[in-house]
Each structure stands twice: as C-alpha cells, then as structure tokens.
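Secondary and tertiary structure notes
Residues per chain, in single letters:
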Amino acid sequence: MQSQHHMLPLVVDGASYVLKGKAIIEDVSFTIQHAGLTALLGPNGAGKSTLLKLCHGLLPLSSGSIRWGGADVHEVQQKQAMVFQRPVLLRRSAAENVDHVLKLRGASAAERARVIEESLEWAGLADIADTPARKLSGGEQQSLTIARAWALNPEVLLLDEPTANLDPAATRRVEDLIRSFAGAGKKVIMATHNIAQAQRLADEVLFLNHGRLLEHAPAKQFMSGPSDPLAARFIAGELVE
Amino acid sequence: MNEFSNAFRTALQLLVEMDPGLVEIVLLSLRVSLSAVILAAVFALPLGAFVALTQFPGRRGVVILMNAMMSLPPVVVGLVIYLLLSHTGPLGVTGLLFTPTAMIIAQCVLVLPIIAALTRQTVFDLHEEYDEYLRSVGAGTWQKIATLLWDGRTRLSTAILAGFGRAIAEVGAVIIVGGNILHSTRVMTTTIALETSKGDLGMALGLGIILVLMSVAVNTAVVTIGGGANQRTV
C-alpha cells in the first residue's frame, strides 16, 4: 500500500467545458484528498465522461483549472491510465495490445515480456494471450484494457462506465479487477450511472447532473441519505433528467 | 469466326508451350508494375496517413486533389513524364526515356494517388476509433501513424492490390514513355495493342488471357483479404 500519493490532492477549480455554445461541464469545483475509489455518479448526459476526460487532459478546459498534486494535467498524463466505455483494442493479439503501450513507454524487450505475462496473469487472461483481442468476449475485452492499464503501473486509473455494456458475470470480473487496482494503492476514479455499482465499489461519490456537481460525500453517507434532493430521487430509483 | 478460333488456338499454344517471347513480356510487365506499386506504396502509405492525422491549411484541398488524381488519365501522365524525360526536357540528361525505369516512374505516378487516397480514408476511419486511446497513452505523431498503418494492414493491402491492378492493365502511359521496344520495353498491354494492329491476334489474345487471369487473381485476393478482415473485426 502506498501511503503517500504523489498525484493527490486532485484539485478541480471552477472547471467548465463548453462545446458549440453549450456548457457540458459548468463551474465544477472539488478536491479529492484520498486514494481509493471515487465514483462520478449521475444520469446519462450528466457530464461524467467529459469530466473524466478533462481530468485526463483529453479535452481542453474552457475555463477553470485542474491540478494533480499541484501539477498540470499534461505533465502527469502519463502517470494515469484511462479505460473507455467501449474497449479500444488494437487489431492484434491480447499480448500485443499490452506490448503496444509498453513499447510506447520505451520498455526493453525483456521488461516487456515480463510485464505482459504478469499483467495478463493478474487479469486472468494468461490463456488467451495469443487470441486476437477483437475476438474476445466483451468481458474479456474490458478486462484486457484494464490489464493494459495495469501494465503501465499508473498512479491513477480513470474508468468511463467500464461495465455499461457487460452482463453480470463479466461485470463482476471487471469490478474485481477495479477493486484490485484500488487495493494496490492507486487512485481510481470511475464514471458510472449505476447506483448499485457505486455502492459496491466507491469510497466517495461525486454526484453530477447537467454538467454541475450537486454533491460530494463519502459513499456510505451519500447512499444512506444524500443532502441534494435530486440525488435523493436518483438513489430512490426515479428517472432523473 | 474462323479467324477468332485460329487466334484462340495460337494463343493456347503459346501459353502451353511457355513461348519465350511471351514469357519475356509477362516478366517485364510484372517487374515494371510491381516495382511501380512498391515504390508508390513507400511514399503513399505515410503520405496518406499523415494527411489523415494532421491539420494544416489547405488540407481539404489536398484531400480533394488526392481523390481526383485517382482517376488521372494514363496518357496524360505518360505525356507529362515524356516531356520531363525527353532530351530537351528538364530531366533529359538522365537518359531514362524509353527504358523500363521510365515506365516504372509513370506507373508509380498513376498508382500513388490511389494508394494514398485509400490509405487516408482507412487511417482516418481507424483513427476515429483509436484517437482517445492513442492520446491517452501519449503516442507521438509517427507512433500513431505506425500503429494505424499496421492495424489497417488488411484494408491497406487491398489498396495496394487495387494499385497493382491499375498499373498492370494500363497502356496509355507505358506506351508513350516506354516506346514499346522489342526485348526492352514491351509489356503485355502495349504488345496487345501492337499485335492487334498488326493482325497477329494469337499473341494478343494469349497475353489478353494472362492479363484477365491476373485481374481475376488480384480481385480474388482483394475479396479474400477483405473477407478475412471483416471476420477479424467482429
């Protein structure tokens, strides 16, 4: 377990993202102090994916700032790994997918071979190492993108609705990997619209709707009684727009 | 009708006996067109990928030009290369006019836009899918290009085959810059044109059969590779 996390606190201050005159993220501010898993919770279209991508530097802020442990996003982007809702896998074998990111990082051949084996083993994918990645099942594909992230040994893992397209068995498998990631002292931030999933995995919750942050609370507190009325309706299973 | 059956019989005879004259012409055709396609691919693959990935002023114009140049008239390409390589032309000192090298250059010019335009489209589509991943893992422009070219390999090989199909079947450019000289620059298409006008239909038809067979083989390869690629993306 890492006690000191170099990337924390994550300080988001007045962050806005405007696309074609429409604010997707509007004046969002929060600070994340602790490792463990933070869930970005909210209905579809709340701006969860956009906020994740802003935190990873994939989208430019329209205004405001995002600092990781005092550093600019782009300085620390390579200490983070991101997993997307639809697994982005290269048209190569599972092992070669992991190899690709290691090559980009300039790892030696011996190092790459070792890390590929370790990562696939960690994700329970050792026996399909040579299978073309795009022939794998949905759950295996998403496990592979998480194994690929693991291979990079990032300090932060960002997940965008990682189980949105998966069946329960595959979801459990992917959630186990996410737990293992957080358990290894990494900071994990996960966007999800699934309350039960947030309940299973999250240490704290950021509740978003229409691009605004409505509540930031420890998961237990949030689940037992959110202070925001809209969040309360969301938790009660109402359709929140 | 009798003339046709006679020609057909001669053609088959030439093919079965592997007539040395015919073999020489076929081999030169292959040498010229394969060289042209390889040369074109070396430039066209990175060019197409670069245009697909980068933003620069006039990019739209370049894309339109690349697509338009896919249907360049071979005789015009032949004429321009002829003017460049002729004794009084700017590249006349090279002495390349009426050599296989001149034919390779001409076919390369014809094929390059085809491969470049198809590469641009392939890489562009693939990049839509890979963009966030590649940026997330910090890939530089050339690393992105290498990744996208490799992952587009099946579609790109069909683009290259399409280029070869155009090169091997083309007559207008090679007849102008090659001159259709016996034992030197005579390829299948130019021979067919010449022998037909001379009335030696056997040779023309024999080469015609080979050309059609090659075309069928190339297209079969395109369909096979394309089918395999579709299967792999499921």
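See the structure shown above.
Reading the values: the criteria
Residues numbered from 1 in each chain as written. Chains lettered and ligands numbered in written order. Predicted model: local features only at pLDDT ≥ 70, side-chain atom pairs only at ≥ 80, totals over all residues. Helix = DSSP H or I, 4+ residues; strand = E, 2+ residues; numbered from the N terminus. Contact = placed C-beta atoms within 7 Å. Pairing = 2+ DSSP bridges. Axes fitted to C-alpha atoms, helices over the stretch in contact; angles between N-to-C directions. Buried ≥ 20, exposed ≤ 12 C-beta atoms within 10 Å, placed from the backbone. Right-handed = clockwise from strand over helix to strand, strands pointing away.

Comments concerning the overall build of chain B
Counting secondary structure elements, chain B contains 10 helices and zero strands. When the elements of chain B are put in sequence order from the N terminus, they spell out α-α-α-α-α-α-α-α-α-α. Referenced to the eigenvectors of the C-alpha coordinate spread, the extents of chain B come out at roughly 70 × 50 × 25 Å. For chain B, contacts bridging at least 24 residues in sequence account for 79% of all contacts bridging at least 6.

Description of the sheet that holds strand 5 (residues 71-72) of chain A
Residues and elements named next belong to chain A. Read from one edge of the open sheet, four strands run 2-1-4-5, paired in antiparallel fashion. Single-partner strands in this sheet number two, and they are strand 2 (22-32) and strand 5. Of the pairings in the sheet, the one linking strand 1 (residues 10-19) to strand 4 (residues 63-68) comprises five bridges and is antiparallel in character. From the neighbouring strand, L10 faces strand 4, where its bridge partner is W68. Helix 1 (residues 48-56) contacts strand 1, strand 2 and strand 4 of the sheet and is inclined by roughly 60° relative to strand 2.

Overview of unusual backbone geometry
Note that the residue after A:L8, namely A:P9, is joined by a cis bond; omega there is 5°. Note that A:P9 resides in the segment before strand 1. Even without being glycine, A:N153 reaches a positive phi, approximately 50°. Checked against the element boundaries, A:N153 lands in the loop between helix 5 (138-151) and strand 7 (156-160). Under the C-beta neighbour-count criterion, A:N153 is labelled partly exposed, with 13 such atoms within 10 Å. The phi dihedral of B:N180 falls on the positive side, at around 55°, and the residue is not glycine. For B:N180, the location among the structural elements is in the loop between helix 8 (172-178) and helix 9 (188-198).

Re the pairing of strand 7 of chain A
Residues and elements named next belong to chain A. Among the five residues in strand 7, five count as buried, and that is most of the element. Sheet analysis places strand 6 (residues 80-83) next to strand 7, joined by four bridges and oriented parallel. Bridging across to strand 7, A81 finds its partner in L157. Sheet topology note: the strand 7/strand 8 (residues 187-192) ladder contains five bridges and is parallel. Along strand 8, the bridge assignment pairs D160 with A191. In terms of handedness, the path from strand 7 via helix 6 (residues 168-183) over to strand 8 forms a crossover that is right-handed.

Bear in mind that shape data such as this cannot, by itself, settle questions of function.
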